[in-house]
Amino acid sequence: MTTSSDSQPLHVFDLPQLYTKPTAADILRALEQLAVRPRNFGDDENAQLIVLQTGVSQYLTSIIASALSWIDSDEMREAIWDAASARLCERSGRAAMPAISRVFTIPMTSQTDFTLTLYEPSLTSDNLGMKTWVSSYLLAKRLHALLLPPAPSSLVPSRYKDNRPLRALELGAGTGLVGLSFAALWGSAASIHLTDLDTIVPNLAHNVGLNDELLSKTGASVLTGVLDWSAETDDRPEPADEEKCDVILAADPLYSPDHPAWLVQTIRRRLYRDTESRVVVEMPLRDAYLPQVEEFRRRMGEAGLVVVEEGEETGYDDWEGKNGEAVEVRCWWAVWRWRCN
Ligand SMILES: C[S@@+](CC[C@H](N)C(=O)[O-])C[C@H]1O[C@@H](n2cnc3c(N)ncnc32)[C@H](O)[C@@H]1O
């Protein structure tokens, strides 16, 4: 059988065929190779065996339909049927994929990298925040190098200014990768509020708990809560200065025609009016959403914000193209501040 160390793609004919009455261990090993694991956004370290998909669904169905009569153990037969069913579900699209936990490694300057574990429940179409998207991974990796107020160089308790912690806010946090990375980088010098819609916040809070050990070690203060951008209208009282934030983060926030206006109105109301305040965004430049990216830029300018630094970079979606290849995505990142008059 082809193994993951071979560079050749795995073909269905390389798998143990049922007419040869393969052992339970061989079948389980093959089913393990067929697992559809999300690519970690194209990282080499997570490169996986390429499986040619032709015939794989029939192969799995034949296992589920077989009585596996040559295998003595009921337990083994159950394990094989369960694994084959799981592999079939994974091939029915991301929405049918079982829940997964993923580990992300994020770099820090002058200190060791840290890892975050994030839980991603099975996706439903209107719950895009249940999965981690490529631009949030790129932004999390870039955070330590951006022109932000300087992060503390050690993990001893320190303060931002006026002897208070820096206040950060993440909009549309999803699974929390960007905000949790920020929290780990800033430690006790910042407090961060990770926000999203009410359907997303329970999983977000769960992910904060999963990383409790790291967050406690760095002294980070992390809160989660609901913040719906559509409700941030000017007829509501503006938040007091003490409730406004020094840094606002958002990754992949634009996918409906309303989003640019809603997002900018939220930023305008929530960003503290100070020359050192920053907005940090990263978003994919997918053709269908380019007008929204342009509208976001225009509205940010109209709201009195200017770009301090920006750039483009390439990431990879964590699903595969037709032939198991990585799918490239161009992403735009930018840091904004209030225009000085
Ligand atoms: C494509 S996901 C990105 C999630 C995460 N930032 C990431 O990149 O992995 C967009 C996020 O925006 C959130 N969102 C959409 N509309 C929103 C609104 N009106 N108010 C607050 N969050 C919203 C979604 O719930 C979702 O978590």
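Residues numbered from 1 in each chain as written. Predicted model: local features only at pLDDT ≥ 70, side-chain atom pairs only at ≥ 80, totals over all residues. Heavy atoms only, no water.

As recorded by an unreviewed UniProt entry, the protein chain carries the name Glucose-inducible SAM-dependent methyltransferase Rrg1 and is attributed to Helicocarpus griseus UAMH5409.

Undergrad: What's the story with the overall build of the protein chain in this structure? I'm lost.
TA: For the protein chain, the helix and strand inventory stands at nine helices and nine strands. Across the 341 residues that make up the protein chain, the buried fraction comes to 48%. Sequence separation of at least 24 residues holds for 75% of the intrachain contacts in the protein chain that already meet a minimum separation of 6. Of the roughly 16,200 Å² that the protein chain leaves accessible, carbon and sulfur atoms contribute 51%. (Helix = DSSP H or I, 4+ residues; strand = E, 2+ residues; numbered from the N terminus. Buried < 20%, exposed > 50% of the residue type's maximum accessible area, 1.4 Å probe, protein only. Contact = heavy atoms within 4.5 Å. Areas by Shrake-Rupley, 256 points an atom, 1.4 Å probe, with all protein chains shown as cover.)

Undergrad: Please clarify how helix H2 (residues 56–65) should be interpreted in this entry.
TA: Three or four residues apart is the spacing at which side chains of an α-helix point the same way, because the helix has 3.6 residues per turn. Within H2, burial applies to Val 56, Tyr 59, Leu 60 and Ile 63. Summarising the axial view, the buried residues of H2 lie within an arc of 95°, below the 170-degree limit, and thus occupy one face. Exposed and facing more than 90 degrees away from the buried side of H2 are Gln 58 and Ala 65. Contacts from the buried residues of H2 go to helix H1 (24–33) and helix H3 (74–90). (Arc of directions from axis to C-beta.)

Undergrad: How do you make sense of the packing of H2 against H3 when you look at a structure like this?
TA: In a packed pair of helices, the relevant descriptors are the angle between the two axes and the axis-to-axis distance. As a packed pair, H2 and H3 sit with axes 9 Å apart at the nearest point and diverge in direction by 150°. Compared by their axis directions, H2 and H3 come out roughly antiparallel. Every pair of crossing elements has a handedness; the one defined by H2 and H3 is left-handed. Contacts between H2 and H3 involve Ser 57, Leu 60, Thr 61, Ile 63 and Ile 64 from the former and Ile 80, Trp 81, Ala 84, Ser 85, Arg 87 and Leu 88 from the latter. For the contact of H2 with H3, the per-class residue count stands at seven nonpolar, three polar and one charged. (Axes fitted to C-alpha atoms, helices over the stretch in contact; angles between N-to-C directions. Parallel < 35°, antiparallel > 145°, perpendicular 65-115°, else oblique. Left-handed = near helix turned anticlockwise from the far one by under 90°. Nonpolar A, V, L, I, M, F, W, Y, C, P; charged D, E, K, R; others polar.)

Undergrad: Any chance you could explain the confidence of the model for the protein chain here in plain terms?
TA: Interpreting fine coordinate detail is not advised for predicted regions of low pLDDT. Here the protein chain averages 85 in pLDDT, and 83% of its residues register 70 or above. Per-residue pLDDT, averaged within each element of the protein chain, yields its smallest value for strand S1 (residues 100–106) (81) and its largest for helix H8 (residues 259–270) (98). This model gives residues 1–6 a pLDDT under 50, and the stretch forms 13 contacts once residues within four places in sequence are excluded. (pLDDT = per-residue confidence, 0-100.)

Undergrad: Would you mind going over the site of the ligand with me for this structure?
TA: Near the ligand, the surroundings consist of 19 residues, among which Trp 133, Gly 172, Asp 196, Asp 228 and Ala 251 are the closest. Here Trp 133 contributes a backbone N or O atom positioned 2.9 Å from an oxygen atom of the ligand. Contact between the ligand and Asp 196: an oxygen atom at 2.6 Å from a side-chain N or O atom of the residue. Burial of the ligand by the protein amounts to 96% of the accessible area it has alone, namely 590 Å². Partitioned by chemical class, the residues of the shell around the ligand number nine nonpolar, six polar and four charged. (Near = heavy atom within 4 Å. Polar contact = N/O pair within 3.5 Å; in protein donor to acceptor, adjacent residues only side chain to side chain.)

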